[in-house]
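# Architecture at a glance
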Protein chains: 4
Amino acid sequence: MKPFEWKAQYYETDQMGIVHHSNYIRWFESARIDFMAQMGIPYEKMEEAGIISPVLTVSCQYRKMTHFGDTVEIVPSVKAYNGIRLVISYMIRQKETGEVIADGETSHCFLNREGKIVSLKKVLPETHAVFEAYTEKGK
Amino acid sequence: MKPFEWKAQYYETDQMGIVHHSNYIRWFESARIDFMAQMGIPYEKMEEAGIISPVLTVSCQYRKMTHFGDTVEIVPSVKAYNGIRLVISYMIRQKETGEVIADGETSHCFLNREGKIVSLKKVLPETHAVFEAYTEKGK
Amino acid sequence: MKPFEWKAQYYETDQMGIVHHSNYIRWFESARIDFMAQMGIPYEKMEEAGIISPVLTVSCQYRKMTHFGDTVEIVPSVKAYNGIRLVISYMIRQKETGEVIADGETSHCFLNREGKIVSLKKVLPETHAVFEAYTEKGK
Amino acid sequence: MKPFEWKAQYYETDQMGIVHHSNYIRWFESARIDFMAQMGIPYEKMEEAGIISPVLTVSCQYRKMTHFGDTVEIVPSVKAYNGIRLVISYMIRQKETGEVIADGETSHCFLNREGKIVSLKKVLPETHAVFEAYTEKGK
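Let me begin by describing the structure that accompanies this report.

### Some points on the pairing of strand E1 (residues 4-7) of chain D
Residue and element names in this part refer to chain D. Here E1 shows a clear split, with Phe4 and Trp6 buried on one side and none of Glu5 and Lys7 buried on the other. Here E1 pairs with strand E3 (residues 71-81) via 4 bridges, running antiparallel. Across the sheet, Lys7 pairs through a bridge with Thr71, a residue of E3.

Written as structure tokens, this is what we have:
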């Protein structure tokens, strides 16, 4: 798996002179979508199939500041998955030095077009199998 | 018409220590939606009726910087409207001093669910009448 | 204490048709700054004194979706404070119904201009006293 | 010059299901910074030298919508430059098809640490020379 690479943009900074902390949550999302695409699960396809995976919880520990122009790598992995609930963990590091900047976690469920919670195992069995395989790898 | 009031948020600042210029474009939108609601045209209702009004052009002249915590007033007015195309102009000023911070303009068309350009006069005649009335006031 | 009121903006939505989850983290910040102002601790004053309070950790549990135009109330409280580290918890609810939408927590330290961790008790004793008083209330 | 490449992120979409128009203004900035870096003028260096170049005006014509996952190329060029004022124009196109999505323009002045307008020719003559050279190319 290739880590998701991101260059901190000027508009992501705040008046403290660092990247605003809310952007890390967006980086998690970008890395998650990239990770799923690399798994062979393009997000667009899931949405076309009428399945969305809203964020249930998010957490982030900020260890080092990042600045405009820094290139970071975000490394997601499947922490837990049971067909109903998916937990992804993230590690953000400076690309150049490898220094850990932040880590965190998001958890998700799966909803159909009516907004009902669905079992991915039932509605998208192939996608389910992929998540299961990556859960094993994450162990 | 009450101007749209906004307090500059911390996350809107950038490392120059001022509100990032892209936020003024968002403020225009917020003021436009508020303006339409005051006209009796809630944006949600238009979208429910299957009509969206995407932005065709935007322009902004930045005259003064704004800082975290500043309260600004955004004053929109209908500059032109012909049933097909709507032009709204905006003036942003510091609430406390009245000093003009920026002014600008957005233009819009109206699209139906199929993404076709529609005449608001035909599809939403009541909304059309309201825009016409405000166009007169803007003169 | 007055809760911090916020109307969900159009630009805060995403293609799921709901407010993007990263915005809740920004709402926490806005509510925290408002809360501190109500306590008599304007954020600008702290920054002028050379003290910043970066976010060390953030967490959020999303319970209900919010939509464009919803008015929410964010209620912060001091969960823990020891002069070095500050933990604030948040509850977000729909204003109209009181329904809880999300809750979360942020923790902070205090840094001086050199980026060194400082004891607020030593550098800003009056601010320290206020946080201590609100910690008692939070119990 | 390599065009600035960008993949539209999920959080950049709005409930219309397209990239929110304010993001194009941010893309202009990212492309401008990349363009200057390719010219040999890293933005960080200018800021370290105490020179900032705030945006005076911005304009954008939106021709086609962009969607989550689209890859776009932003092509900036120096439209005008006289040592005091810089005008950059931008063209955004779909990478895959070359279709023009938007075009626009930003203008800038140069300020020193005291917030006074400066002539780049005087304060940063080497940077001035580079802008002059690119102005010729833009003709």
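### Some thoughts on the environment of Glu132(D)
Residues and elements named next belong to chain D. Structurally, Glu132 can be placed in helix H4 (residues 125-138). Taking relative accessible area as the criterion, Glu132 reaches 42% and is therefore assigned partly exposed. Note: C-alpha distance between Glu132 and Asn82 (50 residues apart in sequence) is 7.8 Å.

### Observations concerning the interface of chain C and chain D
Each side of the interface is counted separately: chain C has 9 residues, and chain D has 9 residues. Where chain C abuts chain D, roughly 890 Å² becomes buried across the two surfaces, and 54% of that area is made up of carbon and sulfur atoms. There are 0 salt bridges connecting chain C and chain D. One can count 4 residue pairs in polar contact (both at pLDDT 80 or more) joining chain C with chain D. Looking at the side of chain C that touches chain D residue by residue, the class counts come to 4 nonpolar, 4 polar and 1 charged.

### With respect to the pairing of strand E2 (residues 55-62) of chain D
Sheet analysis places strand E2 (residues 55-62) of chain B next to E2(D), joined by 5 bridges and oriented antiparallel. Paired with Ser59(B) across the strands is Ser59(D), a residue of E2(D). Relative to strand E5 (residues 100-109) of chain D, E2(D) runs antiparallel, the two sharing 7 bridges. Among the inter-strand pairings, Ser59(D) is bridged to a residue of E5(D), identified as Glu105(D).

### What to know about the packing of helix H1 (residues 22-39) of chain B against helix H1 (residues 22-39) of chain D
To characterise two packed helices, one gives the angle between the axes of the helices and the distance between these axes. One way to put it is that H1(B) packs onto H1(D) with a least axis distance of 8 Å and a crossing angle of 170°. It follows from the interaxial angle that H1(B) and H1(D) lie roughly antiparallel. Along the contact surface, H1(B) presents Ser22(B), Asn23(B), Ile25(B) and Arg26(B), while H1(D) presents Ser22(D), Asn23(D), Ile25(D) and Arg26(D). Residues of the contact of H1(B) with H1(D), tallied by class, amount to 2 nonpolar, 4 polar and 2 charged.

### What about the sheet that holds E1(D)?
Strand order in the open sheet formed by 10 strands is E1(B)-E3(B)-E4(B)-E5(B)-E2(B)-E2(D)-E5(D)-E4(D)-E3(D)-E1(D), with antiparallel pairing between adjacent strands. Looking at the sheet topology across the chains shown, the edges are occupied by strand E1 (4-7) of chain B together with E1 of chain D. Direction aside, the axes of adjacent strands within the sheet are offset by 20° on average. Sheet strands in contact with H1(B) are E1, E2, strand E3 (71-81), strand E4 (85-94) and strand E5 (100-109) of chain B together with E2 of chain D, and its direction is about 115° off that of E2(B). In this fold H1(D) packs onto E2 of chain B together with E1, E2, E3, strand E4 (85-94) and E5 of chain D, with an angle of close to 115° to the strand it touches most, E2(D).

### So, the relation of the copies chain A and chain C
Overlay of chain A on chain C (RMSD 0.0 Å): rotation 180°, translation along the axis 0.0 Å. In short, the pair behaves as if placed about a two-fold rotation axis. Taking the C-alpha atom as reference, chain A places Ser59(A) closest to the rotation axis, 2.0 Å from it. Taken as a fraction of all interface residues of chain A, those also at the interface in chain C reach 100%, which identifies the copy contact as same-surface.

### Focus on the interface of chain A and chain C
Between chain A and chain C, the contact holds 24 residues from the first and 24 residues from the second. On the chain A side of the contact with chain C, Met16(A), His21(A) and Arg26(A) bury the most area, a combined 25% of that side's loss. At the junction of chain A with chain C, the criterion picks out 0 salt bridges. Listed by contribution, the elements that provide at least two residues to the side of chain A that touches chain C are helix H1 (22-39), helix H2 (43-48) and strand E2 (55-62) of chain A. For the side of chain A that touches chain C, the element with the most residues is E2(A), which contributes 8 residues. Taken together, the residues of the side of chain A that touches chain C break down into 12 nonpolar, 8 polar and 4 charged.

So, how was this worked out
Residues numbered from 1 in each chain as written. Chains lettered and ligands numbered in written order. Predicted model: local features only at pLDDT ≥ 70, side-chain atom pairs only at ≥ 80, totals over all residues. Heavy atoms only, no water. Buried < 20%, exposed > 50% of the residue type's maximum accessible area, 1.4 Å probe, protein only. Helix = DSSP H or I, 4+ residues; strand = E, 2+ residues; numbered from the N terminus. Pairing = 2+ DSSP bridges. Contact = heavy atoms within 4.5 Å. Buried area = accessible area lost by both parts, 1.4 Å probe. Salt bridge = Lys/Arg side-chain N within 4 Å of Asp/Glu carboxyl O. Polar contact = N/O pair within 3.5 Å; in protein donor to acceptor, adjacent residues only side chain to side chain. Nonpolar A, V, L, I, M, F, W, Y, C, P; charged D, E, K, R; others polar. Axes fitted to C-alpha atoms, helices over the stretch in contact; angles between N-to-C directions. Parallel < 35°, antiparallel > 145°, perpendicular 65-115°, else oblique. Least-squares fit on C-alpha atoms with pLDDT ≥ 70 in both.

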